[in-house]
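Analysis of the macromolecular model
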Amino acid sequence: APGPRPEAQRQRAAHALLAARERTQALTGCVDEHELTAQHSPLMSPLVWDLAHIGNQEEQWLLRTVGGRDALRPEIDSVYDAFAHPRADRPALPLLSPQEAHGYVAEVRGRVLDVLEHAPVDGADPLLAGGFAFGMIAQHEQQHDETMLITHQLRQGPAALTAPEPPRAEPDAALLPPEVLVEGGPFTMGTSTEPWALDNERPAHPRLVPSFFIDTVPVSNGAYLQFIEDGGYDEPRWWHPEGWEQVRRHELAAPLFWRREGGSWIRRRFGTVEPVPPEEPVLHVSWYEAAAYAAWAGRRLPTEAEWEKAARHDPRTDRSRRYPWGDEDPSPDVANLGQRHLRPAPVGAYPGGASPLGVRQLIGDVWEWTASDFLPYPGFRAFPYREYSEVFFGDAHKVLRGGSFAVDPVACRGTFRNWDLPVRRQIFSGFRTARDAEPV
Ligand code: AVJ
Ligand code: FE
C-alpha cells in the first residue's frame, strides 16, 4: 500500500524537529551561562555539551550524509563524539560557549529545513524512506532532552523548571486486580513496519512466551516503603551479589533523592522538597533495587518479551498493537509522556491507556526495568550506525521499557527499547513485577 504523501511526511518530520527544538530551548534557556557550563554531576555532561552534541549529530546525519553538504564545523566533531570522551571528562573539553552552541544548532537547523524540502522521502533509500533520518534525529534530540532533564534533577539549588499541573489520579485505582494473567503462546515481538522505529526494534519476529502473571500497575512508593521497613536494604538474601556490593559500598537505604526526616521520608524533586507520595510509582531505583524488591515480594521482574506481550498482544485478534490502547499515536488522555508533568501519575491512572488485558501505565510515567539483557533480535541489522545499538549488546546492560513522563511520544512505542547499566538510578526508572503461571 502507498504510504502517506511525501508532503505529509516532510511536514511530520519538520514538526518533530521543531517540537524537539522547543523543548531543548526550554531546558537550556531556564538557567544562566554558569549553570550551562557547570558539571552538576560526574554522571552527566554539562548542559551545553548536550546542546552542541544535538546540533553536531544533526549536522553529521542530515546536512552531510542526507544533504550531501560540506561540513559546517568539522573541527568540533571529536569534542561532541560521545565515545571519545566519558561524561566526567567533558567539562575539560574545548566546548563551544553557550552563545556559540545556540548559534551553531540554529544554523544547522536552518540548513536542515532546506535539505528536508527537497529530500526524496518517498524513494527506496532506507535512510530517507518515510523521512527516517529526520525522525531518527528528532528522537535523538528528544533523548538528549530527557538526559538534560536528568541533569536538572541532579542539579542543586532553587527550581529552574516550572511544574505544570500534577497528573490526575483515577478513583478506581484501589479496586484494580493486583495482577493479570497473560496466557502462554506465541506473539509478534518487534516491528518491520513502524517507519521511525530504530534498528534494535527490528525486525518483527515470533516469540513463544509461556503463561505468566504481571502487575496491573507499576510498584508504588507505598509498596516499596514496605520493603524498606521490612529491612530490605539490610538483608543480603534479596540481592544480586553486585547489587549487595553497591548497597554496602554506598550505604544505600532508599531510592535516589529520598531522605529520612523525623519519622518520614521526603524527596527532592527539581529543586523542591516534598513528602514521598505513597501512591506514585517508585522512581530512581537501580535494576538491583528493582530485582531485590521483586525477590522480597516472592516475585521477579518480567522479561522483555513478557513486558512487550503484555503491552502489545491482543488475544482476541492475535495481533500486536503499536501501543497498549491500540494503533493510534499517544494523546494526553492515555499516557503521561512529553514532560507535560514533572512527575509520574499515581498508580492506576490512565484507564484509557490500558492494554487489552487491563494492564495500565505500560507507556509513560516511569521507565520499567526488565529482567533481560540488551540483545539483538534475530535478523538484526545495525542501521544506520553501529554506535546506536550494536556496540551496547551483551550482558552489561539491562533493558528498560515503556518510557517515562520525560519521554516524548516521538521516541516512544510499544516496541521501543531503552537500556542502561544495572547500577544506574539517576534515570527516571521504576518497575513492575511478574511471576510464572502454572501451565494448564
Ligand atoms: C538509548 C537512551 C541509552 O542516551 O545513551 C543518545 C540514546 N544514543 N545519543 C543514550 C542516545 C546516542 C541512548 N539511550
Ligand atoms: Fe547522542
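I will try to describe carefully the structure that is included in this document. Computed from a predicted model, the values in this text were never measured in an experiment. Counting of residues starts from 1 at the beginning of each chain's written sequence and follows it residue by residue. Think of it this way: whatever chain is written first is A, whatever ligand is written first is 1, and the rest follow in order. Since the coordinates come from a predicted model, pLDDT governs what is reported: local features require at least 70, and pairs of side-chain atoms require 80 or more to be given and counted, while whole-chain, interface and lining totals use all residues. Think of the side-chain values as coming from all heavy atoms in the structure, minus any hydrogens and water.

Starting at the N terminus, helices and strands are each numbered in turn, a helix being any DSSP run of H or I of at least four residues and a strand any DSSP run of E of at least two. By definition here, a helix of n residues has an expected span of 1.5 Å times n minus one. Counted at 1.5 Å a residue, the expected span for helix H1 (residues 6-29) with its 24 residues is 34 Å, and the 34 Å between its end C-alpha atoms agrees. Any two residues whose heavy atoms approach within 4.5 Å are treated as being in contact. Where H1 is buried, its residues touch helix H2 (33-37), helix H3 (47-66), helix H4 (98-118) and helix H5 (132-154).

Residues are classed as near a molecule or strand on a simple rule: at least one heavy atom within 4 Å of it. Around ligand 1, the structure places His 140, Gln 143, His 144, Tyr 388, Asn 418 and Trp 419. Distance and chemistry together define a polar contact, namely a pair of N or O atoms within 3.5 Å, with one atom able to donate a hydrogen and the other to accept it when in protein, and with adjacent residues in sequence counting only for side-chain atoms on both sides. Within the side chain of His 144, a nitrogen or oxygen atom sits 3.2 Å from a nitrogen atom of ligand 1. Here the accessible surface of atoms and residues is derived via Shrake-Rupley with a 1.4 Å probe, and residues count as covered only by protein chains that are part of the display. Contact with the protein chains removes 74% of the 350 Å² of surface that ligand 1 exposes when unbound. A majority-of-atoms criterion places ligand 1 in the largest pocket. Ranked by residue count, the leading element in the shell around ligand 1 is H5, at 3 residues. Side-chain classes are defined by residue name, with Ala, Val, Leu, Ile, Met, Phe, Trp, Tyr, Cys and Pro counting as nonpolar, Asp, Glu, Lys and Arg as charged, and the others, Gly among them, as polar. A breakdown of the residues in the shell around ligand 1 according to their chemical character gives 2 nonpolar, 4 polar and no charged. Of the grid points, spaced at 1 Å and generated over the protein atoms alone, those admitting a 1.4 Å probe that cannot get out make up cavities, while open sets with protein on both sides within 12 Å along at least five of seven lines make up pockets; any residue with an atom within 4 Å of a point is treated as lining. In this scheme, a molecule is assigned to a cavity or pocket if more than half of its atoms are within 2 Å of the grid points.

With that settled, the discussion passes to the coordination of the iron ion (ligand 2). In this listing, donors mean N, O and S atoms no farther than 2.8 Å from the metal, or 3.2 Å for Na, K and Ca; water is missing from the atoms, so a site can look incomplete. Bound to the iron ion (ligand 2) are the protein donor atoms His 53 (NE2), His 140 (NE2) and His 144 (NE2), situated 2.1 to 2.2 Å from the metal. If you look at the iron ion (ligand 2), its 4 donor atoms make angles of 90 to 172 degrees with each other, and the shape they trace is irregular. Donor residues for the iron ion (ligand 2), ordered by position in the chain, follow H-x86-H-x3-H. In this pair, His 53 sits in helix H3 while His 140 sits in helix H5, placing the two residues 87 residues apart along the sequence. By relative accessible area, His 53 is classed as buried at 6%. Any coordination sphere not matching a tetrahedral pattern (four donors, all angles between 85 and 135 degrees) or a square planar or octahedral pattern (four or six donors, opposite donors over 155 degrees apart, other angles between 65 and 115) is reported as irregular. Each residue is placed in one exposure class: buried if its accessible area under a 1.4 Å probe, protein chains only, is under 20% of its type's maximum, exposed if it is over 50%, and partly exposed if it falls in between.

Turning our attention to the sheet that holds strand S7 (residues 272-275). In spatial order, the strands read S5-S6-S7; together these 3 strands make up an open sheet with antiparallel pairing. Whereas interior strands pair on both sides, the edge strands pair on one side only; in this sheet they are strand S5 (258-261) and S7. When strand polarity is set aside, the average angle formed by the axes of neighbouring strands in this sheet is 35 degrees. Where strand S6 (residues 264-269) lies against S7, 4 bridges are found, and the strand directions are antiparallel. Within S7, the position partnered with Arg 269 by the bridge is Thr 272. We call two strands paired when DSSP finds no fewer than two bridges between them. Only C-alpha atoms enter the line fits that serve as axes; for helices the fit covers just the stretch in contact. Angles between N-to-C directions range over 0 to 180 degrees.

What follows deals with the packing of aromatic side chains. Paired rings are identified among Phe, Tyr and Trp, the last through its six-membered ring, by centres lying within 6.5 Å, and are further divided according to the angle between planes into stacked (under 30 degrees), edge-to-face (over 60) and tilted (the rest). Enumeration over the complete set of coordinates arrives at 27 aromatic pairs. With 6.5 Å between their ring centres and 75 degrees between their planes, Tyr 224 and Phe 431 make a pair best called edge-to-face. With Tyr 224 in helix H6 (residues 221-229) and Phe 431 in the loop between strand S13 (429-430) and strand S14 (434-436), this residue pair connects regions lying 207 residues apart in the sequence. A residue is classified by how much of its surface remains accessible, and Phe 431, at 0% relative accessible area, is buried.

Before going further, it helps to spend a moment on the side chain of Thr 24. One can find Thr 24 in helix H1. What makes Thr 24 buried here is its relative accessible area of 1%. Beyond its immediate sequence surroundings of up to four residues, Thr 24 is in contact with Leu 51, Ile 54, Glu 141, Asp 145 and Met 148.

Our focus in this paragraph is unusual backbone geometry. For the peptide bond that leads from Arg 202 to Pro 203, omega is -10 degrees, which places it in the cis range. Checked against the element boundaries, Pro 203 lands in the loop between strand S2 (185-189) and strand S3 (205-209). Here the amide bond leading from Phe 383 into Pro 384 is cis, since omega sits at -5 degrees, within 30 degrees of zero. Tracing the sequence through the fold places Pro 384 in the loop between strand S10 (367-374) and strand S11 (394-401). Even without a glycine there, the phi angle at Asp 318 is positive, about 60 degrees. In this fold, Asp 318 is placed in the loop between strand S8 (313-314) and strand S9 (319-320).

Fair warning: the whole summary comes from geometry, so function is off the table for now.
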